[in-house]
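# Observations on chain architecture
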Amino acid sequence: MIDLLIHNQTEEQKENLEQMLRKNADVLSKAQAGEAQYADSLGWLDTREWAGEDMLDRLEALAREIRGNADAFVLIGVGGSNNAARSVVEALKQEDGPEIIYAGNTLSPHALRKMLAQLHGKSVYIDCIAKNFETLEPGASFRVLRKFLYDTYGAEAPKRIIATGTAGSTLEQLCTENGYTFLEFPVNVGGRYTAMTSVGLLPMAVAGIDIRALVRGAEDMQRTLRSRGFEENTAYRYACLRNLYYELGYRVEMLASFEPQFRWFYKWWEQLFAESEGKENKGIFPVTGEFSEELHSLGQFIQDGPPIMFETFLDVEKQNASLMPEPDGIQDYFDYLNGKDFWEINKAAYHATVAAHSRKLPCLTLKLGELDAYHFGQMFYFFQFACYLSARIMGVNPFDQPGVEAYKKWMFDALGK
Ligand code: PA5
């Protein structure tokens, strides 16, 4: 499970939180049941709706075939069609599978050429993931990659093409007409909530990740968060704290950890909260801190800049690696490290940072048992549910993203669509 620690909390802050927890208790009970007004976006609330046994069997069989034949697998997708898979793949991928390459998330010709150059001489499979197959980045990359596959494999190319789109979409039609494998993108799940569906799970399975463990983690978290009351529900407590800090004028949340394995998870988390909450002139701006590196850059602003942010640390309890900085006989003045494992040194940096920062700004820690597939599943469900609650407490719709459409209209006009 995930535990929540509140650092340096005063009696007054405790009382304010208790009030907030009681005041919004109906937000929790409504979310636990799933609100009818969001029925078209709540397909993730029951993890098994889109990750049942049949679906997992199908995804594992497809992943086995790809792993057996591919040197490179290109995930074409942007935002919610990319971030969940990438966060797990980059944290936990096995060395024995195909290289996972990302496309559909940029319009830069330099980046696209670089991506294509990585494919030469390799056996390539692609998966184009797009809920709304009008999004320019995946659509344009899919075109480039289809041409690459047909040029390279001729009539064999369709066997190497998978597309994940909604039932009845133009993407499905394209698959039917050209003999590509089609996977269903859940119609009742928005991109950023799709980690536990074919969108996130196929690329993860191709990378050799145990997707059943992920789904189990999400399901266990679901059971807890949808049954626990307002006094003992960690996601609800986190959502209330966010809103409490927001009411006190804090406009930025920094998610920070001392584990670079979270690097791509940060992008998923940023998207989840930015797109779900930032609307109607409200919202907490999500940023991330990769510590200890960024203590040497952002750390100055956090400690001494304007008090606009609160910090949420992700801390992993179970040690997953070990390295001793052995002395080599050269006097380098680092002998105080003798006999200490880097795991312990990194933890000392975490505790020191919490001690320093929590004297200046509100600091929370979310404690995670272990950094593995099961716990990634837990985190996805935890943050998705917390985000739903937090946006509802703030009074905005957690599932739409009207602001993203504004630039698209200007761009499509400019490109003559
Ligand atoms: O969460 C969302 O709905 C969005 O971020 C989408 O995932 C993103 O815009 C990609 O959309 P699509 O899958 O339609 O290309």
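Residues numbered from 1 in each chain as written. Predicted model: local features only at pLDDT ≥ 70, side-chain atom pairs only at ≥ 80, totals over all residues. Heavy atoms only, no water.

### Some words on the layout of surface pockets
Rules: Put plainly, a pocket is an open set of points on a 1 Å grid over the protein atoms alone with protein on both sides within 12 Å along at least five of seven lines, a cavity is a set where a 1.4 Å probe fits but cannot get out, and a lining residue has an atom within 4 Å of a point. Grid points are joined across faces, edges and corners, and a volume is the space filled by probe spheres set on the points. Only DSSP runs of H or I with at least four residues qualify as helices, and only runs of E with at least two residues qualify as strands; both kinds are numbered from the N terminus onward. Those domain boundaries reflect an automatic or database domain assignment. Only Asp, Glu, Lys and Arg are considered charged in this grouping, and only Ala, Val, Leu, Ile, Met, Phe, Trp, Tyr, Cys and Pro are considered nonpolar; every other residue, Gly among them, is considered polar.
Space inside the largest pocket adds up to approximately 850 Å³. For the lining of the largest pocket, the elements supplying multiple residues, two or more each, are α4 (83-92), α6 (136-153), α11 (263-277) and α15 (402-415). In terms of residues, the lining of the largest pocket owes the most to one element, α11, which gives six residues. Two domains share the lining of the largest pocket, each providing at least three of its residues, namely domain 1 (3-33 + 215-403) and domain 2 (47-209). In this structure, the second largest pocket encloses a volume near 300 Å³. Lining the second largest pocket we find 18 residues, and of these Thr 10, Gln 13, Tyr 245, Leu 248 and Pro 362 sit closest to its centre. Of all the secondary-structure elements, those providing two or more residues to the lining of the second largest pocket are α1 (11-23) and α10 (234-247). Among the elements that line the lining of the second largest pocket, the one with the most residues is α1, at four residues. Looking at the lining of the second largest pocket residue by residue, the classes come out as 10 nonpolar, seven polar and one charged.

### A few points about empty space enclosed by the protein
Taken as a whole, this structure holds two cavities of 30 Å³ or more when the rule is applied. Taken as a whole, the largest cavity encloses approximately 160 Å³ of empty space. Listed by contribution, the elements that provide at least two residues to the lining of the largest cavity are β9 (309-316) and α13 (342-357). Sorting elements by how many residues they give to the lining of the largest cavity places α13 first, with four residues. Here the lining of the largest cavity is built from residues that sort into six nonpolar, three polar and three charged. Its boundaries defined by the atoms lining it, the second largest cavity holds a volume of some 70 Å³.

### Focus on the domain arrangement of the protein
It is common to give the size of an interface as the accessible area that goes away when the parts come together. Short version of the rule: Any two residues whose heavy atoms approach within 4.5 Å are treated as being in contact. For any pair of parts, buried area is found by adding up, for both, the accessible area (1.4 Å probe) each one loses once the two are put together. Counted as salt bridges are all cases of a side-chain nitrogen of Lys or Arg within 4 Å of a carboxyl oxygen of Asp or Glu. In protein, a polar contact requires one atom able to donate a hydrogen and another able to accept it; more generally it is a pair of N or O atoms within 3.5 Å, and residues adjacent in sequence count only if both atoms are side-chain atoms.
Parsing the protein into structural domains produces domain 1 (3-33 + 215-403) and domain 2 (47-209). Here the C-alpha centroids of domain 1 and domain 2 sit 30 Å apart. Each partner contributes residues to the interface: domain 1 has 26 residues there, and domain 2 has 22 residues. Of the roughly 2000 Å² buried between domain 1 and domain 2, counting both surfaces, carbon and sulfur atoms make up 61%. A per-residue breakdown of the area domain 1 buries against domain 2 is headed by Val 215, Trp 264 and Gln 271, which together make up 32% of the total. On inspection of domain 1 and its partner domain 2, the count reaches two salt bridges. Residue Glu 219 is joined to Arg 48 by a salt bridge in which the shortest nitrogen-to-oxygen separation is 3.3 Å. Counting across the domain 1 and domain 2 interface gives 13 residue pairs in polar contact (both at pLDDT 80 or more). Listed by contribution, the elements that provide at least two residues to the side of domain 1 that touches domain 2 are α9 (211-225), α11 and α14 (373-394). The element that contributes the greatest number of residues to the side of domain 1 that touches domain 2 is α11, accounting for eight residues.

### Details of the pairing of strand β7 (residues 252-257)
What counts, and what does not: Type-normalised accessible area, obtained with a 1.4 Å probe on protein chains alone, sets the label of each residue: buried when under 20%, exposed when over 50%, and partly exposed for intermediate values. Crossovers are described as right-handed under a simple rule: with the strands pointing away from the observer, the path leading from the first strand over the helix to the second runs clockwise. If DSSP finds at least two bridges between two strands, the strands pair.
In terms of residue burial, β7 counts as a mostly covered element, since six of its six residues are buried. Burial along β7 is two-sided: Val 252, Met 254 and Ala 256 and Glu 253, Leu 255 and Ser 257, pointing in opposite directions, are all buried. Tracing the backbone out of β7, into α11 and back to the parallel element strand β8 (residues 285-290) gives a crossover that is right-handed. Relative to β9, β7 runs parallel, the two being bridged by six bridges.

### Notes on the site of the ligand
Put simply, the test is: The cutoff for a nearby residue is simple: one of its non-hydrogen atoms must lie within 4 Å of the molecule or strand. Reported accessibility uses the Shrake-Rupley method at a 1.4 Å probe radius. Residues are deemed covered only where the shown protein chains occlude them.
Taken together, 13 residues form the shell around the ligand, and within it Ser 81, Lys 131, Asn 132, Gln 271 and Glu 275 come nearest. Interatomic distance of 2.8 Å between a side-chain N/O atom of Thr 135 and an oxygen atom of the ligand. Gln 271 is positioned with one of its side-chain polar atoms (N or O) 2.5 Å from an oxygen atom of the ligand. When the ligand sits alone it has 390 Å² of accessible area, and the protein chains cover 89% of it. Here the residues of the shell around the ligand sort into three nonpolar, seven polar and three charged.

### Brief notes about the packing of α4 against helix α8 (residues 198-206)
Threshold: Lines fitted to C-alpha atoms define the axes here, with helix axes fitted over just the stretch in contact, and angles between the N-to-C directions of these axes take values from 0 to 180 degrees. Here the angle decides the label: under 35 degrees means roughly parallel, over 145 means roughly antiparallel, 65 to 115 means roughly perpendicular, and every other value means oblique. Handedness of a helix crossing follows the sense of rotation of the near helix relative to the far helix, less than a right angle counterclockwise being left-handed and clockwise being right-handed.
The N-to-C vectors of α4 and α8 enclose an angle of 25°; their axes lie 8 Å apart at closest approach. With respect to α8, the axis of α4 lies roughly parallel. Crossing hand, α4 versus α8: right-handed. Taking contact as the criterion, the partners of Ala 84, Ala 85, Val 88 and Val 89 in α4 are, on α8, Gly 200, Pro 203 and Met 204.

### A word on the nonpolar core
Side chains of a nonpolar character, in soluble globular proteins, are inclined to be buried together. We count it as follows: Here, nonpolar core refers to any group of buried Ala, Val, Leu, Ile, Met, Phe, Trp, Tyr and Cys residues whose side-chain atoms link them within 4.5 Å.
Grouped together as the largest cluster of nonpolar side chains are 97 residues, with contacts concentrated most on Phe 380 and Phe 383. Considering every element that reaches this core, the biggest residue donor is α14, with 14 residues. Viewed by domain, this core spans two of them, domain 1 (3-33 + 215-403) and domain 2 (47-209), each represented by three or more residues. When near neighbours in sequence (up to four residues on either side) are disregarded, Phe 380 contacts Ala 84, Ser 87, Val 88, Ala 195, Met 196, Met 204, Leu 214, Phe 265 and Trp 268. Counting residues in each nonpolar core, the second largest holds 26 residues, with Ile 76, Leu 119, Phe 142 and Cys 175 among its members.

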